[in-house]
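Spelled out, the chains give:
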Amino acid sequence: MKLTSVAQILDQAAKEAKPVSQMAEVEGYTLKEAYQIQSYSIQQRIERGEKITGFKLGFTSKAKMEQMGVHDLIWGVLTDQMKIEDGGEISMSNYIHPRAEPEVAFLVENTIDKEISLAEIPNYICKMAVAIEVIDSRYENFKFSLEDVVADNCSSIGYCIGKWKDTADSIQDLSIQLKFDEELVQGGNTKAVLENPYQSVVELSRLATEAGLKIEKGQIILAGAATAAEWMKKDTKIQAHLQDFGEVSFKVKA
Ligand code: OOG
Ligand code: MG
C-alpha cells in the first residue's frame, strides 16, 4: 500500500471515529516512513482548512512508556480543530476510546528554527500552563507499535489549556494531578517528564529541525504526560491541576 493510502485510512478512521487494524507490520514501513504518513495525514487536515497550532511530545515519561509498551520519544502535530476550551464541553460520541492525561503546555514566544539547549529556553518560551491532552488511538483496542502510533499522529485528538502564566526558572519538581469529578485518578510530578519538562522543548527542537520544520511564534508545545492516561467517561468533569500554575477542566457528555 502507498504511504498516502495509509494516511487516508487513518484520517478517515479519525473523522468517522471508527477503529482500524494496525498496519505497520503488515505493510512493513519504517519509522521514517511513519513520519511521512503522519505528514500526509496532517496535509489532508490542512486541505480541509485546519491550521497547525503546535506540537506534542509523547512517551517522555516512564509511566506512559510502560502503559503503552513503547519505548521511544515521539512527536506529533496539533491543529485548531483539536482545541477544547477551558471550561468547555465535548461529546464522547466523537471519539473511539478516548483517554485523558495531565500535561504541561508551553507557548512559543520566538520561532524555534534550530536545535536549542536548555540554557536557551528562556529566549523562546515565556509562558506555560497546565493542560489536559485527550488521546484517541485510531487502532483497535488502543494497541500499536512505535511506527503505528507515529503514523497515527501519536493518537492526537484534543487538548485543553489552562491560563498562561509566566514560566518559572525551575519546573522540575511540581506536582500534577488528573481528577474525574474532583476525585484523584492520576497523580505525579513534572520530574517524570524527561527529568525536566523544558527538556521536551529541547528534544522537539532537535526533532523538528531534523524534519525541516519550524516551531512558530504563537504555537504551543505539549511536553508529554507525566502520568499514565485514564479512560474518559461520559457525564464526567475532567480536570488537571499543576502546582503553582492552577487548573484546567472540561466536561464530557454522552
Ligand atoms: C501515544 C501518545 C503519547 C504522551 O503524552 O506520552 C502521549 C499514546 O499513548 O496513545 O501523548
Ligand atoms: Mg500526551
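Structural notes, computed from the coordinates. Predicted model, so just to flag it, every value in this text is computed and none were measured. (Residues numbered from 1 in each chain as written. Chains lettered and ligands numbered in written order. Predicted model: local features only at pLDDT ≥ 70, side-chain atom pairs only at ≥ 80, totals over all residues. Heavy atoms only, no water.)

On to the overall build of the protein chain, then. Within the protein chain, the secondary structure is distributed over six helices and 14 strands. Compactness check: the protein chain gives a C-alpha radius of gyration of 17 Å against a globular reference of 18 Å for 254 residues, within 12% of the reference. Within the protein chain, contacts between residues separated by at least 24 positions form 76% of all contacts whose residues are at least 6 apart in sequence. Accessible area of the protein chain: about 11,200 Å², with a carbon and sulfur share of 46%. Computed over 28 positive and 39 negative side-chain charges, the separation of the two mean positions in the protein chain equals 4 Å. (Helix = DSSP H or I, 4+ residues; strand = E, 2+ residues; numbered from the N terminus. Rg over C-alpha atoms; globule rule 2.2 N^0.38 Å. Contact = heavy atoms within 4.5 Å. Areas by Shrake-Rupley, 256 points an atom, 1.4 Å probe, with all protein chains shown as cover. Lys, Arg positive; Asp, Glu negative; His and termini not counted. Charge placed at Lys NZ, Arg CZ, Asp CG, Glu CD.)

Glancing now at the coordination of the magnesium ion (ligand 2). The magnesium ion (ligand 2) binds to the protein through Glu101 (OE), Glu103 (OE) and Glu133 (OE); the donor distances cover 2.0 to 2.1 Å. Site description for the magnesium ion (ligand 2): donor spacing in sequence, E-x1-E-x29-E. Taking the relative accessible area as the measure of exposure, Glu101 reaches 3% and is therefore buried. The exposure class of Glu103 is buried, given its relative accessible area of 1%. (Donors = N, O, S within 2.8 Å, 3.2 Å for Na, K, Ca; no water. Buried < 20%, exposed > 50% of the residue type's maximum accessible area, 1.4 Å probe, protein only.)

Positionally, Glu101 belongs in strand S5 (residues 99–108). There is a polar contact of 2.8 Å between the side chain of Glu101 and the side chain of Lys64. (Polar contact = N/O pair within 3.5 Å; in protein donor to acceptor, adjacent residues only side chain to side chain.)

Now for the site of ligand 1. Near ligand 1 you find 17 residues, and of these Lys56, Phe59, Lys64, Glu101 and Ser155 are the closest. Here an oxygen atom of ligand 1 and a side-chain polar atom of Glu133 are 2.9 Å apart. In this structure, Ser155 approaches ligand 1 through a side-chain N or O atom, which is 2.6 Å from an oxygen atom. Burial of ligand 1 by the surrounding chains reaches 100%, relative to a free accessible area of 320 Å². If you list the elements that add at least two residues to the shell around ligand 1, you get strand S1 (52–58), helix H4 (62–68), S5 and strand S6 (125–135). Ranked by the residues each element gives to the shell around ligand 1, the list is headed by S1, at three residues. Here the shell around ligand 1 is built from residues that sort into nine nonpolar, three polar and five charged. (Near = heavy atom within 4 Å. Nonpolar A, V, L, I, M, F, W, Y, C, P; charged D, E, K, R; others polar.)

Let's shift gears to the nonpolar core. With 74 residues, the main nonpolar core has Tyr29, Phe106, Ile221, Ile238 and Phe250 as its most contacted residues. Not counting chain neighbours up to four residues away, the residues in contact with Ile238 comprise Ala100, Ile132, Leu178, Lys179, Phe180, Met232, Val248, Ser249, Phe250 and Val252. Of all hydrophobic cores here, the second largest spans 10 residues; its members include Leu78, Tyr159, Ile161 and Leu222. (Core = buried A, V, L, I, M, F, W, Y, C linked by side-chain atoms within 4.5 Å.)

Here the focus is the environment of Gly87. Considering the arrangement of structural elements, one finds Gly87 in the loop between strand S3 (83–84) and strand S4 (89–91). A relative accessible area of 58% places Gly87 in the exposed class. For the pair Gly87 and His97, spaced 10 residues apart in sequence, the C-alpha to C-alpha distance is 22 Å.

Quick look at helix H6 (residues 198–210) now. For H6, built from 13 residues, the straight-helix expectation of 18 Å at 1.5 Å per residue is met to within 8% by its first-to-last C-alpha distance of 19 Å. Every buried residue of H6 is accounted for by Tyr198, Ser200, Val201, Val202, Glu203, Leu204, Ser205, Leu207 and Ala208. On the buried face of H6, the contacting elements are S1, strand S2 (74–79), S5, S6 and strand S11 (220–222). Backbone geometry just after H6 places Gly212 at a positive phi near 75 degrees. (Expected span 1.5 Å × (residues − 1).)

Attention now goes to the side chain of Ser200. Structurally, the position occupied by Ser200 is in helix H6. By relative accessible area, which is 0% here, Ser200 ends up buried. Engagement of the side chain of Ser200 in a polar contact is seen with the backbone oxygen of Ala223, the distance being 2.8 Å. Not counting the four nearest positions on each side in its chain, Ser200 is found in contact with Leu57, Thr60, Val193, Leu194 and Ala223.

As a further point, take the packing of aromatic side chains. Inspection of every chain in the model, using the stated rule, returns five aromatic pairs. Geometry around Phe142 places Arg99 over its ring, the cationic atom sitting 4.5 Å from the centre. Above the face of the Trp231 ring, Arg99 is positioned so that its terminal group lies 3.8 Å from the ring centre. (Phe/Tyr/Trp six-rings, centres within 6.5 Å; stacked < 30°, edge-to-face > 60°. Lys NZ or Arg CZ within 6 Å of the ring centre and 35° of its normal.)

Strands belonging to one sheet form pairs held by backbone hydrogen bonds; the direction of such a pair is parallel or antiparallel. Ordered in space as S4-S14-S13-S9-S10, the five strands form an open sheet in which the pairing is mixed. Edge positions in the sheet fall to S4 and strand S10 (183–189), since each of these pairs with one other strand and no more. The mean inter-strand angle of the sheet, taken between neighbouring strand axes irrespective of direction, is 20 degrees. (Pairing = 2+ DSSP bridges. Axes fitted to C-alpha atoms, helices over the stretch in contact; angles between N-to-C directions.)

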